[in-house]
There are 2 protein chains.
Amino acid sequence: MAPLADGFTYGQWSLVYNSLSFGIAGMGSATIFFWLQLPNVTKSYRTALIITGLVTAIATYHYVRIFNSWVDAFEVKNSKGGDYTVTVSGNPFNDAYRYVDWLLTVPLLLIELILVMKLPHEETVALGWKLGLASALMVALGYPGEIQDDLSVRWFWWALAMLPFCYVVMTLVGGLNEATSKQPDSVKGLVVTARYLTVISWLTYPFVYIIKNIGLAGTDATAYEQVGYSLADVVAKAVFGVLIWAIASGKSAEEENGLIPK
Amino acid sequence: MAPLADGFTYGQWSLVYNSLSFGIAGMGSATIFFWLQLPNVTKSYRTALIITGLVTAIATYHYVRIFNSWVDAFEVKNSKGGDYTVTVSGNPFNDAYRYVDWLLTVPLLLIELILVMKLPHEETVALGWKLGLASALMVALGYPGEIQDDLSVRWFWWALAMLPFCYVVMTLVGGLNEATSKQPDSVKGLVVTARYLTVISWLTYPFVYIIKNIGLAGTDATAYEQVGYSLADVVAKAVFGVLIWAIASGKSAEEENGLIPK
């Protein structure tokens, strides 16, 4: 990947800076919320909720790292009375943090969705392996393209990563229909929402990736990419996690009232 | 050990950098997972789960140290418009962190496996001492070779360390057969998997060690070694720990249902 170049305005630079800080605050507070809720759900849903918090905790760690890397990569100063000037410091901005994060959190996200559905044991294990491995493969295939400046090579890896992506999305949309129909009525709507939120929030990633594929380059492309990935991450991890908690909470209440088996 | 030399490409340098950060995120999140699961297992398996989390907690600490040591050992800059250049800073890269880590965690790893099997008290104590001391001896014998540049001396200590290594592996493969056959059916497969995962993940260490024994030197050898040890550690500690938790969780459910004695 080519090093960052000069040309960022203070507005662009601080938009990314504040998006990354928003990522830290959003992911960190979501983590605390999920784990503090642990005693309020029954044992059946605690592993799902623990993993929901792990996903945002891992993301918090990576957002702190990305934020620090962004800050170190620039020198931002103003000459007395003048405007702020942003110049690259020469220190590398490490983009790989996002991919290391996704390699860990994307399989875990799918596993938390499967766990909160509380399917029969064999189905849980089989779905966990299938969706977990497919999503890890998706992230691994995306990375070689992300660090390329050659547009055709970017498209090649983008297309390869889209294969496991489509498999996961099709499983979420089609394959889980039967399992969803067996969910208690009170949370059926939430489970459907969680599945579609996964699909919709995930769809933003290939589009953010495409920003650079279509030849957009320079400071605008970098700024859009960082802000786009940050917003997509908060939706896919923290907002999605709130849905998982709501499902766990609703099903726990039904268990306690004896409406569904423990 | 000879100090690090110049010649790292930015790609090599950041591959190690990101592997070490992956180590921090993987080990740290595994630790939280194990400890948050403590209330969900019965008292019989809590010590095993506490130790499982200790192993990854100790590893998290060491990965933070190794990461910082790796960063401090280099200067990574780009001259405007050019690519990143990586030069050694002159600060030492401390390799001993890994051995101090293993000296603590490897005996603990074996002890968590023995504890989760819940053997009769005398057998637990005897196995704990035998495997714990043999594995500590293995790590202690490996270190004098690791810091050697003389290949024949490296091979000498490698061979010495392989003696307790083979003893531990043979005990895991053969000696624990009888004890495994007494495990409840629901977790027998997991116990077998945990024993073989230990053997397979451990086998990667002598091979990573050999990278430098066979005369591979320079930046490639260092990069492969760091990435290899990091991946092996995550499998041997975090993935292995998930199996220990699954065994503890399965046996706790059987205890609570009165299928096995408390």
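See the structure printed just above.
What you are looking at is a predicted structure, and each value in this text was computed from that prediction instead of being measured.

Rules behind the numbers
Residues numbered from 1 in each chain as written. Chains lettered and ligands numbered in written order. Predicted model: local features only at pLDDT ≥ 70, side-chain atom pairs only at ≥ 80, totals over all residues. Heavy atoms only, no water. Phe/Tyr/Trp six-rings, centres within 6.5 Å; stacked < 30°, edge-to-face > 60°. Buried < 20%, exposed > 50% of the residue type's maximum accessible area, 1.4 Å probe, protein only. Lys NZ or Arg CZ within 6 Å of the ring centre and 35° of its normal. Helix = DSSP H or I, 4+ residues; strand = E, 2+ residues; numbered from the N terminus. Expected span 1.5 Å × (residues − 1). Least-squares fit on C-alpha atoms with pLDDT ≥ 70 in both. Salt bridge = Lys/Arg side-chain N within 4 Å of Asp/Glu carboxyl O. Pairing = 2+ DSSP bridges. Core = buried A, V, L, I, M, F, W, Y, C linked by side-chain atoms within 4.5 Å. Contact = heavy atoms within 4.5 Å. Buried area = accessible area lost by both parts, 1.4 Å probe. Polar contact = N/O pair within 3.5 Å; in protein donor to acceptor, adjacent residues only side chain to side chain. Nonpolar A, V, L, I, M, F, W, Y, C, P; charged D, E, K, R; others polar.

**Q** Which parts of the structure should I look at to understand the packing of aromatic side chains?
**A** Two aromatic rings, taken as a pair, are described by how far apart their centres are and by the angle between their planes. One pass over the full model with this rule turns up 38 aromatic pairs over all chains. When the centroid spacing of 5.3 Å and the interplanar angle of 75° are considered together, the rings of Phe156(B) and Trp157(B) count as edge-to-face. We classify Phe156(B) as partly exposed; its relative accessible area is 47%. With relative accessibility at 24%, the residue Trp157(B) sits in the partly exposed group. Site record: aromatic cluster; members linked through ring pairs are Phe8(A), Tyr10(A), Trp13(A), Tyr17(A), Phe67(A), Trp70(A), Phe74(A), Tyr84(A) and Phe93(A). Between Arg154(A) and the ring centre of Tyr209(A), over which it is positioned, the NZ or CZ distance is 5.0 Å.

**Q** Whenever I open this one, helix 7 (residues 185-213) of chain B confuses me. Can you help?
**A** Between its terminal C-alpha atoms helix 7 of chain B stretches 44 Å, which fits the 42 Å expected from 29 residues at 1.5 Å a residue. Trailing helix 7 of chain B by a residue or two, Gly215(B) shows a phi angle of about 95°, which is positive.

**Q** Which parts of the structure should I look at to understand the relation of the copies chain B and chain A?
**A** Applying a rotation about an axis and a shift along it to one chain copy brings it onto the other copy. After a rotation of 69° and a shift along the axis of 0.0 Å, chain B superposes on chain A with an RMSD of 0.1 Å. Such a combination of turn and shift is consistent with a five-fold rotation axis. When C-alpha distances to the rotation axis are compared across chain B, the minimum falls at Pro39(B), with a value of 8.7 Å.

**Q** Explain the pattern of salt bridges here, please?
**A** For side chains of opposite charge, pairing can occur when their charged atoms come near one another. All names here are of chain B. For the structure on display, the rule yields 17 salt bridges over all chains. In this structure, Lys182 and Glu178 form a salt bridge, with 3.4 Å as the shortest nitrogen-oxygen distance. According to the relative accessible area criterion, Lys182 is exposed, its value standing at 59%. For the salt bridge of Lys212 with Glu225, the shortest nitrogen-to-oxygen distance reads 3.3 Å.

**Q** Just checking my understanding: could you explain the pairing of strand 1 (residues 74-78) of chain B for this structure?
**A** Consecutive side chains of a regular strand alternate in pointing toward one face of the sheet and then the other. Residues and elements named next belong to chain B. The two faces of strand 1 differ: Phe74, Val76 and Asn78 on one face are buried, but Glu75 and Lys77 on the other face are not. In the sheet, strand 1 pairs with strand 2 (residues 84-88) via 5 bridges, with the strands oriented antiparallel. Across the sheet, the residue bridging to Val76 is Val86, located in strand 2.

**Q** Explain the nonpolar core here, please?
**A** The nonpolar side chains of soluble globular proteins are, as a tendency, buried together. Ranked by size, the top nonpolar core spans 162 residues in total, and within it Trp70(A), Phe74(A), Trp202(A), Trp70(B) and Trp202(B) carry the most contacts. Considering every element that reaches this core, the biggest residue donor is helix 8 (residues 218-256) of chain B, with 14 residues. Look past the residues within four positions of Trp202(A) in its chain and what remains in contact with it is Val106(A), Leu109(A), Leu110(A), Ser135(A), Met138(A), Phe165(A), Val168(A), Leu197(A) and Ala236(A).

**Q** Even after reading the chapter, I still don't get the interface of chain B and chain A, so can you show me in this structure?
**A** When the parts of a complex come together, some accessible area is lost, and that lost area is often used as the size of the interface. Taken together, the contact pairs 24 residues of chain B with 28 residues of chain A. Across the interface of chain B and chain A, roughly 2,300 Å² is buried in total on both sides, 59% from carbon and sulfur atoms. A per-residue breakdown of the area chain B buries against chain A is headed by Leu36(B), Asn40(B) and Tyr84(B), which together make up 22% of the total. Counting the contacts that link chain B with chain A gives 1 salt bridge. Between Glu256(B) and Lys43(A) there is a salt bridge, and its shortest N-O distance comes to 3.1 Å. Taken together, the links from chain B to chain A amount to 9 residue pairs in polar contact (both at pLDDT 80 or more). Elements with a minimum of two residues in the side of chain B that touches chain A: helix 1 (10-36), strand 1 and helix 8 of chain B. Across the side of chain B that touches chain A, the residue classes tally to 12 nonpolar, 8 polar and 4 charged.

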